Amino acid sequence: MNRGRYIIMLLAAMVTLAALLNLFFGSVSIPSAQVWRVLTCGEAEKSSWTYIILESRLPQMLTAMVCGASLATAGLLLQTAFRNPLAGPSILGITNGAGFGVGVVMLVTGGVISIGGSTVAGYLAVVTGAFIGAMAVIVLLLAFASVVRSNMMLLIVGIMVGYLVSSLVMLLNFFATSDNIHSYVMWGMGSFSDVSPQTLPFFIIASSVGLLLALLLVKPLNALLLGDAYAENLGISIRRVRLLLLVSTGILSAVSTAFCGPVAFLGLAVPHMARLATGTSNHQTLMPATILCGALTALACNLICVMPQGSVIPLNAVTPLFGAPVIIYIMCRNRH
């Protein structure tokens, strides 16, 4: 058995263990026997325990797995396409676009969106605003991608779009009320606990579309590692691959940010974790390893967030503990 396959099997086992730990442990102490009873289709001694496990911990665990896998995959796609180890889902301004959409909802409309005569309010309005904002940036990037031939130029355009959107968010904050600013800041901390059992199927299906598209790009990505000229000699359309890559990255980033907030470092650091673990840049091994590493890291972060009894730590206060050391190590290793 080669190293890559062994690592993938090991990561899958670790993800399974981390998922179970997320079900058995949380901010509310529940006996392990009661958790197991609920998971095997039984009823806990307290109805509140059953509700916590099925309506809170289970959706939160699934959300963490899908979000972590999505952001990590988006980061891998961007790092390969732009040949930049510091590229991540936020590098093209997609996360900023989602933040702007949420800013409009929370800071301008007061949490209410009117679409075609129907009104959307509350959490659904926030998700809608984030998704519209992210997709607007994606459409803009796709338009530039059809004109700009250089990946580096497209990367610079994405960074500039991110700066422009950030300035608009700053203006919204300046004119908003203190209560609305507080709500926006809370959203910016990130969380895996906001996806309800009712919205979870859409979240999983939409993310799965982006992940499936990314898996279909494995061979073109391997060709791109050897240079654009080599890829073109193999009959690969660089422009088509770039457009599909932007669509996949956009879907993964937009959906994750819309439902979980701007989760930091997962897209930036996890692909490097997968490379260090597998010791290869072959995407046939690296892609599944990155998906599993993303799910594992997100589950570990979520477990740390909910471990304090009676409280929940903000997600973006934990993700740098995993991501920052990895990025520092990569920068020190590549200092020459």
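Counting from 1, residues in each chain are numbered in the order their sequence is written. Residues qualify for local features only when their pLDDT is at least 70, as the model is predicted, and side-chain atom pairs are given and counted only at 80 or more; totals for whole chains, interfaces and linings, by contrast, use all residues. Water and hydrogen atoms play no part in the side-chain values, which are based on all heavy atoms of the structure.

**With respect to the overall build of the chain**
Then, in step 1: Regarding its fold elements, the chain presents 14 helices and 2 strands.
Then, in step 2: Expected size for 336 residues packed as a compact globule is a radius of gyration near 20 Å; at 20 Å, the chain falls within 12% of this value.
Then, in step 3: Across its three principal directions, the C-alpha atoms of the chain cover 65 × 60 × 35 Å.
Then, in step 4: Residues classed as buried in the chain amount to 49% of the 336 residues present.
Then, in step 5: When checking whether two residues touch, look at their non-hydrogen atoms; a contact exists if any pair is within 4.5 Å. Sequence separation of at least 24 residues holds for 75% of the intrachain contacts in the chain that already meet a minimum separation of 6.
Then, in step 6: In short, Shrake-Rupley with a 1.4 Å probe defines the accessible areas, and a residue's cover is counted only from the protein chains shown. Carbon and sulfur atoms make up 69% of the accessible area of the chain, which totals about 15700 Å².
Then, in step 7: In this charge count, Lys and Arg are treated as positive and Asp and Glu as negative; neither His nor the chain ends contribute. Here the site of a charge means NZ on Lys, CZ on Arg, CG on Asp, or CD on Glu. Taking the average location of the 14 positive side-chain charges in the chain and that of its 7 negative ones, the two points are 19 Å from each other. Helix and strand assignments come from DSSP, with helices taken as H or I runs of at least 4 residues and strands as E runs of at least 2, each series counted from the N terminus. All radius of gyration figures rest on C-alpha atoms, and the globule criterion is 2.2 Å times the number of residues raised to 0.38. Whether a residue is buried, partly exposed or exposed follows from its accessible area with a 1.4 Å probe, protein chains only, as a fraction of its type maximum: under 20%, in between, or over 50%, in that order.

**Describing the nonpolar core**
Proteins that are soluble and globular tend to have nonpolar side chains buried together.
Then, in step 1: Residues belong to one nonpolar core when they are buried, are Ala, Val, Leu, Ile, Met, Phe, Trp, Tyr or Cys, and are joined through side-chain atoms within 4.5 Å. Counting 102 residues, the largest nonpolar core has Leu 92, Phe 192, Phe 203, Phe 259, Val 263 and Met 287 as its most contacted members.
Then, in step 2: For this core, the leading source of residues is helix 3 (residues 47-82), giving 16 residues.
Then, in step 3: Not counting the four nearest positions on each side in its chain, Phe 203 is found in contact with Thr 63, Val 66, Cys 67, Val 195, Val 255, Ser 256, Phe 259 and Cys 260.

**A short note on the side chain of Gln 79**
Then, in step 1: Take Gln 79: it is sitting in helix 3.
Then, in step 2: Every residue in contact with Gln 79, bar those within four places of it in the chain, is listed here: Asn 84, Pro 85, Ala 87, Gly 267, Leu 268, Pro 271, His 272 and Arg 275.

**Some words on the confidence of the model for the chain**
Then, in step 1: Per-residue confidence for the chain averages 86 on the pLDDT scale, and 95% of its residues sit at or above 70.
Then, in step 2: Note on scores: pLDDT gives the predictor's confidence for each residue, bounded by 0 and 100. Summarising per-element confidence for the chain, the mean pLDDT is lowest in strand 2 (residues 118-121) (58) and highest in helix 13 (residues 283-306) (95).

**Section: the environment of Arg 242**
Then, in step 1: By the secondary structure assignment, Arg 242 is in helix 11 (residues 238-260).
Then, in step 2: Arg 242 sits 100 residues away from Leu 142 along the chain, and the two C-alpha atoms are 9.2 Å apart.
Then, in step 3: When residues no more than four places from it in sequence are discounted, the contact partners of Arg 242 are Ala 145, Val 148, Arg 149, Ser 150, Asn 151 and Leu 154.

**A look at helix 12 (residues 266-278)**
Then, in step 1: Under the convention used throughout, the expected extent of a helix is 1.5 Å for every residue step, that is, one less than its residue count. Compared with the 18 Å implied by 1.5 Å per residue over 13 residues, the 18 Å span of helix 12 between its first and last C-alpha is a close match.
Then, in step 2: Within the span of helix 12, buried status applies to Leu 266, Gly 267, Ala 269, Val 270, Pro 271, His 272, Met 273, Ala 274 and Thr 278.
Then, in step 3: Trailing helix 12 by a residue or two, Gly 279 shows a phi angle of about 70°, which is positive.

**Examining unusual backbone geometry**
Then, in step 1: Positive phi, normally seen in glycine, also occurs at Cys 41, with a value near 70°.
Then, in step 2: As for its placement among the helices and strands, Cys 41 is situated in the loop between helix 2 (32-39) and helix 3.
Then, in step 3: Taking the relative accessible area as the measure of exposure, Cys 41 reaches 78% and is therefore exposed.
Then, in step 4: Although it is not a glycine, Phe 265 sits at a positive phi angle of roughly 75°.
Then, in step 5: The residue Phe 265 is located in the loop between helix 11 and helix 12 in this model.
Then, in step 6: By relative accessible area, Phe 265 is classed as partly exposed at 29%.

**Details of the state of the cysteines**
A covalent bond between the sulfur atoms of two cysteines is referred to as a disulfide.
Then, in step 1: Working definition: a disulfide is two cysteine sulfur atoms within 2.5 Å of each other. As enumerated under the stated definition, the model contains 0 disulfides in all.
Then, in step 2: Cysteine Cys 293 is unpaired, with the sulfur of Cys 301 as its nearest cysteine sulfur at 12 Å.
Then, in step 3: With a relative accessible area of 7%, Cys 293 lands in the buried category.

**Focus: the packing of aromatic side chains**
Then, in step 1: In this analysis, rings of Phe, Tyr and Trp, with Trp reduced to its six-membered ring, are considered paired at centre separations within 6.5 Å, and the interplanar angle assigns stacked below 30 degrees, edge-to-face beyond 60, and tilted for intermediate values. Enumeration according to the criterion identifies 4 aromatic pairs in this entry.
Then, in step 2: Centroid distance Phe 174 to Phe 175: 5.0 Å. Interplanar angle 90°. Geometry classified as edge-to-face.
Then, in step 3: Relative accessible area serves as the criterion here: at 64%, Phe 174 is assigned to the exposed category.
Then, in step 4: Since its relative accessible area comes to 65%, Phe 175 is described here as exposed.
Then, in step 5: Relative to Phe 259, the ring of Phe 203 has its centre 5.2 Å away and its plane inclined at 55°; by these criteria the two rings are tilted. In this pair, Phe 203 is assigned in helix 8 (residues 200-216) and Phe 259 in helix 11, connecting sequence segments 56 residues apart.
Then, in step 6: Taking relative accessible area as the criterion, Phe 259 reaches 5% and is therefore assigned buried.
Then, in step 7: Members of the aromatic cluster, each reached through a chain of ring pairs, are Phe 202, Phe 203 and Phe 259.

**Some details on the packing of helix 2 against helix 3**
Then, in step 1: Orientation is described by lines fitted to C-alpha atoms, with helices fitted over the stretch in contact, and by angles between N-to-C directions that extend from 0 to 180 degrees. Axis separation between helix 2 and helix 3 bottoms out at 10 Å; the angle between their running directions is 65°. Of the two elements, helix 2 crosses helix 3, and the hand of that crossing is right-handed. In contact with Gln 34, Val 35, Val 38 and Leu 39 of helix 2, helix 3 contributes Trp 49, Thr 50, Ile 53, Leu 54 and Arg 57.
Then, in step 2: For the contact of helix 2 with helix 3, the residue count by class is 6 nonpolar, 2 polar and 1 charged. Put simply, a crossing is left-handed when the front helix is turned counterclockwise from the back one by less than a right angle, and right-handed when it is turned clockwise. Residue type decides the class: Asp, Glu, Lys and Arg count as charged, Ala, Val, Leu, Ile, Met, Phe, Trp, Tyr, Cys and Pro as nonpolar, and the leftover types, Gly among them, as polar.

**Focus on empty space enclosed by the protein**
Then, in step 1: Computed over the protein atoms alone on a 1 Å grid, cavities are sets of points where a 1.4 Å probe fits but cannot get out and pockets are open sets with protein on both sides within 12 Å along at least five of seven lines; a residue lines them when it has an atom within 4 Å of a point. Grid points are joined across faces, edges and corners, and a volume is the space filled by probe spheres set on the points. All chains considered together, the criterion is met by 1 cavity of 30 Å³ or more.
Then, in step 2: Considered as a void within the structure, the largest cavity measures approximately 90 Å³ in volume.
Then, in step 3: Lining the largest cavity we find Ala 81, Phe 82, Asn 151, Leu 224, Asp 228, Ile 238, Val 241, Arg 242 and Leu 245.
Then, in step 4: Listed by contribution, the elements that provide at least two residues to the lining of the largest cavity are helix 3 and helix 11.
Then, in step 5: Here the lining of the largest cavity takes 4 residues from helix 11, the largest share from any one element.

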